[in-house]
Amino acid sequence: MVAEARRALWLYRRLLGAQVRATLQYEADFWIMSLSAVLVQAVGVVFLWAIFRSIPEINGWQFWEVVLIYALVVVAEGLSVLVAQGAWTLAVTVNFGQLDAMLLRPYPPVLQVLSSAVGMNGLGNLVLGTGLLIAAVRHVDVSWNVGRVALGLLLVVAAAGVKIGLNLLTNCAAFWLRSPYSMFAFSMHSFGELARFPVTIYGLGVRITLTVVLPYAFMSFFPAAAVLAHGPARWLGLLTPVVAIYCLWIGTTVFRYGLSRYESSGH
Amino acid sequence: MEMVHARPVTLIQVAGLRKVFRKPEKAPGLRGSLRHLLQRRFSEHVAVDGIDLSVAQGEAVAYVGPNGAGKSTTVKMLSGILVPTAGQVLVDGLVPYRARVENARRVGVVFGQRTQLWWDLPVRDSLELLRDMHGLGAARYRETLARLDDVLGLADLLPVVARKLSLGQRMRADLAAALLHEPRIVYLDEPTIGLDIAVKDRVRSFVRRLVADGTTVMLTTHDLADIEDICRRIVIIDAGRVVYDGDLQSVKDTHVRERSMSFELAAGLPGVDRIAARLPGAQVRAGSDDRELTVTFDRMTLGAREVLAAVLAEAEIVDMHIDEPAIETVVRKVYAGQLRPEPDGGVDRETVS
Ligand SMILES: Nc1ncnc2c1ncn2[C@@H]1O[C@H](COP(=O)(O)OP(=O)(O)OP(=O)(O)O)[C@@H](O)[C@H]1O
Ligand SMILES: [Mg+2]
């Protein structure tokens with residue numbers, strides 16, 4: 001069992017490595033992607049800074065605390081596109097019948113899909129996110145010890161797990177919508193961007209959606225609250241690893257369900 | 001304990017297999033698409049309509065039929081890609097779509113229409129990834145690869161990125177990828193499509209060798225020559241149903257007796273009667289030009305040599321070629337109702353003469 005899991009993980013790394021080599025054939029793309037990733041995220045930070053110029057805090061959250069939430073999103077996002085960007089290729093894979101080849105190889109199809117692409121922009125995200133994280137950590141009013149740092153690292157990884165699970169889940173819409181575009185998943189992803197701010201500022205409906213239905217808030221707001229030990233949300237934040245496992249499980253389950261509907265293509 | 005088999009082991013067992021596709025019913029244009037969003041209508045399309053099939057270990061079966069007959073759909077259900085709408089599939093004791101990973105270890109599949117290699121990777125990388133997925137040891141991998149290289153000529157393909165391969169090169173690489181783990185069962189769906197004669201020959205002799213080694217092979221093709229020296233059994237399907245299942249030789253003897261030879265002559269012929277007189281039973285026709293000539297004959301009563309001699313006696317030949325009948329000819333005859341499967345799946349019987 002353990003040996004099997006280790007083998008599966010080793011193969012996953014092999015597949016990702018192959019994708020990295022394939023992607024690096026297009027070196028110019030790599031630099032453009034990385035640079036644009038940094039730019040997009042940096043624009044967000046400037047936007048934050050502009051908001052906080054006119055108001056000192058949002059619902060009891062200071063500028064640097066919000067930067068920490070923001071940095072968490074950027075890092076989790078970076079991790080998820082680096083190791084599981086393949087979720088975003090599902091629409092094309094499914095609707096052009098390219099899943100056939102994956103179903104004929106002795107390795108779980110869901111792992112083949114997730115490892116079928118590497119988002120090199122993830123590196124840009126990681127660099128910027130880590131920078132932001134360090135800057136925020138130095139400004140927020142929290143005493144850092146080994147335990148808190150370990151918690152922070154665990155929650156960052158779990159946050160990435162939440163995002164990967166949700167990416168898989170929303171992209172599985174391809175099995176039902178039969179369109180080669182990931183429109184549905186992309187709009188859900190954009191909706192999830194709301195969780196870059198303290199979710200307490202939203203109405204009940206949005207809050208429940210971000211917490212329970214599509215728990216995007218667990219890739220940013222809740223883990224940040226847990227690390228900062230800020231407000232009642234911190235207890236929920238400790239559940240991030242559980243939520244991550246849940247999201248990955250539901251993504252995989254829906255994927256398996258989708259596979260039974262897969263129709264390949266006509267030739 | 002040693003098992004004694006009275007009959008050969010059945011590897012593929014299919015009963016009442018059906019696949020129905022749902023197609024969106026959409027009027028053309030943007031308006032049609034928007035309308036479809038509101039009132040989603042679908043029409044059902046039966047691609048495979050109740051197929052029964054049983055293939056014994058070591059058998060080589062040709063699976064043929066006209067375009068759209070449901071051949072690829074059957075292969076996709078046998079290999080676990082598609083879940084059947086109804087019916088049972090059992091391949092080597094497994095239900096392919098339930099035990100996909102285990103099934104993938106035992107079977108090899110090639111779709112001539114589409115590659116299974118990693119598009120952006122050199123062929124060598126694809127093969128090595130497959131080696132690791134199948135968990136093949138270094139020694140066994142090297143050995144198998146050397147053997148495949150021997151027949152398929154892979155050496156100069158290995159460093160090439162898959163998307164830069166020509167069609168024939170890609171097919172050879174795809175065959176290697178599908179057979180790397182030495183599967184007991186191999187499905188080949190049009191493995192010679194679009195290949196030139198030389199590569200076709202190579203692929204054919206390769207498949208022949210597979211069969212000789214005891215691999216169970218199911219071969220789909222539109223080229224009768226592909227199956228002639230490979231398969232002893234032929235299954236013909238049309239509109240999703242089996243219309244014939246039996247011995248290839250007897251089908252050929254009854255339905256592929258016609259050959260035709262075309263000639264280009266040095267000078268125009270005043271008429272074909274004199275040649276026709278030399279070849280009783282054959283049909284002799286002039287082409288669009290009076291320097292062209294086609295002779296159609298029954299290969300059981302006349303030989304190509306006799307036809308050639310008859311034409312040579314009357315005219316000077318510049319060029320000639322023999323047309324091999326395509327599998328479509330057989331299928332068309334079957335379709336026209338000239339051949340019916342026996343209830344016991346045995347030998348064919350003429351119903352129309
Ligand atoms: N994914 C799909 N979605 C909808 N219809 C399909 C799909 N795949 C096949 N069909 C339809 O099912 C029928 C059988 O197709 P299939 O590909 O099995 O035929 P085939 O015998 O392999 O034909 P060919 O000789 O052209 O390869 C066709 O009418 C085809 O349009
Ligand atoms: Mg086909």
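Because the structure is a prediction, the values reported are computed rather than measured.

## Things to note about helix H2 (residues 71-78) of chain B
All names here are of chain B.
Link 1 in the chain: The buried count for H2 comes to seven of eight residues, which makes it a mostly enclosed element.
Link 2 in the chain: Every buried residue of H2 is accounted for by Lys71, Thr73, Thr74, Val75, Lys76, Met77 and Leu78.
Link 3 in the chain: Where H2 terminates, the next one or two residues include glycine 80, which has phi positive at roughly 90°.

## Topic: the pattern of salt bridges
Link 1 in the chain: Counted under the stated rule, the structure contains 24 salt bridges over all chains.
Link 2 in the chain: A salt bridge links glutamate 77 of chain A to lysine 163 of chain A; its shortest N-O distance comes to 2.8 Å. In this pair, glutamate 77 of chain A is assigned in helix H3 (residues 63-84) and lysine 163 of chain A in helix H8 (residues 146-171), connecting sequence segments 86 residues apart.
Link 3 in the chain: Relative accessible area serves as the criterion here: at 9%, glutamate 77 of chain A is assigned to the buried category.
Link 4 in the chain: Given the relative accessible area of 1%, lysine 163 of chain A is considered buried.
Link 5 in the chain: Salt-bridge contacts for glutamate 102 of chain B lead to arginine 106 of chain B; the nearest nitrogen and oxygen are separated by 3.3 Å. With glutamate 102 of chain B and arginine 106 of chain B both in helix H3 (residues 100-106) and four residues apart, the pair spans about one turn of that helix.
Link 6 in the chain: Here glutamate 102 of chain B falls in the partly exposed class, since its relative accessible area comes to 33%.

## Focus: empty space enclosed by the protein
Link 1 in the chain: In the structure shown here, the tally under the stated rule is four cavities of 30 Å³ or more.
Link 2 in the chain: Approximately 130 Å³ is the volume attributed to the largest cavity.
Link 3 in the chain: Lining of the largest cavity is provided by 13 residues; of these, Leu104 of chain A together with Gln116, Leu130, Ala177 and Ala178 of chain B occupy positions nearest its centre.
Link 4 in the chain: Looking at the lining of the largest cavity, the elements with two or more residues in it are strand E5 (107-111), helix H4 (123-134) and helix H6 (167-179) of chain B.
Link 5 in the chain: Taken together, the residues that form the lining of the largest cavity break down as seven nonpolar, four polar and two charged.

## Comments concerning the domain arrangement of chain B
Link 1 in the chain: Splitting chain B by domain gives domain 1 (10-253) and domain 2 (258-324).
Link 2 in the chain: On a C-alpha basis, the centres of domain 1 of chain B and domain 2 of chain B stand 40 Å from each other.

## Focus: the interface of chain A and chain B
Link 1 in the chain: With 31 residues of chain A in contact, the opposing surface of chain B contributes 33 residues.
Link 2 in the chain: It is Leu104, Arg105 and Pro106 of chain A in chain A that bury the most area against chain B; as a group they hold 25% of the surface buried on that side.
Link 3 in the chain: Remark: the boundary between chain A and chain B carries three salt bridges.
Link 4 in the chain: The closest approach of N and O atoms between aspartate 125 of chain B and arginine 21 of chain A, which form a salt bridge, is 2.5 Å.
Link 5 in the chain: On the surface where chain A and chain B come into contact, there are eleven residue pairs in polar contact (both at pLDDT 80 or more).
Link 6 in the chain: Those elements that place two or more of their residues in the side of chain A that touches chain B are helix H1 (2-23) and helix H5 (99-103) of chain A.

## Points about the packing of H6 of chain B against helix H7 (residues 197-212) of chain B
Residues and elements named next belong to chain B.
Link 1 in the chain: Where H6 meets H7, the closest approach of the two axes is 10 Å, and the angle between their N-to-C directions is 15°. One element, H6, and the other, H7, form an angle in the roughly parallel class. For H6 against H7, the interelement crossing comes out left-handed. Along the contact surface, H6 presents Gly168, Arg172, Leu175 and Leu179, while H7 presents Val199, Arg202, Val203, Phe206 and Leu210.

## Some points on the site of ligand 1
Link 1 in the chain: The immediate surroundings of ligand 1 are formed by 18 residues, with Glu263 of chain A together with Gly68, Lys71, Ser72 and Thr73 of chain B found nearest.
Link 2 in the chain: Residues close to ligand 1 are split across chains A and B.
Link 3 in the chain: Within the side chain of histidine 45 of chain B, an N or O atom sits 2.9 Å from an oxygen atom of ligand 1.
Link 4 in the chain: One nitrogen or oxygen atom from the side chain of serine 72 of chain B is found 2.7 Å from an oxygen atom belonging to ligand 1.
Link 5 in the chain: Its free accessible area being 630 Å², ligand 1 has 83% of it covered by the protein chains.
Link 6 in the chain: When atoms are counted within 2 Å of each cavity's grid points, the one that captures over half of ligand 1 is the second largest pocket.
Link 7 in the chain: Listing elements by their share of the shell around ligand 1, those giving two or more residues are strand E1 (10-24), strand E2 (42-56) and H2 of chain B.
Link 8 in the chain: At three residues, H2 of chain B tops the list of elements feeding residues into the shell around ligand 1.
Link 9 in the chain: Residues of the shell around ligand 1, tallied by class, amount to four nonpolar, ten polar and four charged.

## A short note on the packing of aromatic side chains
Link 1 in the chain: Under the counting rule described, the total for this entry stands at nine aromatic pairs over all chains.
Link 2 in the chain: Ring geometry for phenylalanine 218 of chain A versus phenylalanine 222 of chain A: centroids 4.6 Å apart, planes at 40°, classification tilted. Both residues of the pair, phenylalanine 218 of chain A and phenylalanine 222 of chain A, belong to the buried class.
Link 3 in the chain: One aromatic cluster in this structure is built from Trp61, Phe218, Phe221 and Phe222 of chain A.
Link 4 in the chain: Lying across the ring of tryptophan 118 of chain B, arginine 105 of chain A places its NZ or CZ 3.7 Å from the centre.
Link 5 in the chain: It is arginine 131 of chain B that lies over the ring of tyrosine 141 of chain B; its NZ or CZ is 5.0 Å from the centre.

Conventions and cut-offs
- Residues numbered from 1 in each chain as written.
- Chains lettered and ligands numbered in written order.
- Predicted model: local features only at pLDDT ≥ 70, side-chain atom pairs only at ≥ 80, totals over all residues.
- Heavy atoms only, no water.
- Buried < 20%, exposed > 50% of the residue type's maximum accessible area, 1.4 Å probe, protein only.
- Helix = DSSP H or I, 4+ residues; strand = E, 2+ residues; numbered from the N terminus.
- Salt bridge = Lys/Arg side-chain N within 4 Å of Asp/Glu carboxyl O.
- 1 Å grid on protein atoms, 1.4 Å probe; cavity = no way out; pocket = protein on both sides within 12 Å on 5 of 7 lines; lining within 4 Å.
- Points joined across faces, edges and corners; volume = space filled by probe spheres on them.
- Nonpolar A, V, L, I, M, F, W, Y, C, P; charged D, E, K, R; others polar.
- Domains from an automatic or database assignment.
- Contact = heavy atoms within 4.5 Å.
- Buried area = accessible area lost by both parts, 1.4 Å probe.
- Polar contact = N/O pair within 3.5 Å; in protein donor to acceptor, adjacent residues only side chain to side chain.
- Axes fitted to C-alpha atoms, helices over the stretch in contact; angles between N-to-C directions.
- Parallel < 35°, antiparallel > 145°, perpendicular 65-115°, else oblique.
- Left-handed = near helix turned anticlockwise from the far one by under 90°.
- Near = heavy atom within 4 Å.
- Areas by Shrake-Rupley, 256 points an atom, 1.4 Å probe, with all protein chains shown as cover.
- Sits in = over half its atoms within 2 Å of the grid points.
- Phe/Tyr/Trp six-rings, centres within 6.5 Å; stacked < 30°, edge-to-face > 60°.
- Lys NZ or Arg CZ within 6 Å of the ring centre and 35° of its normal.

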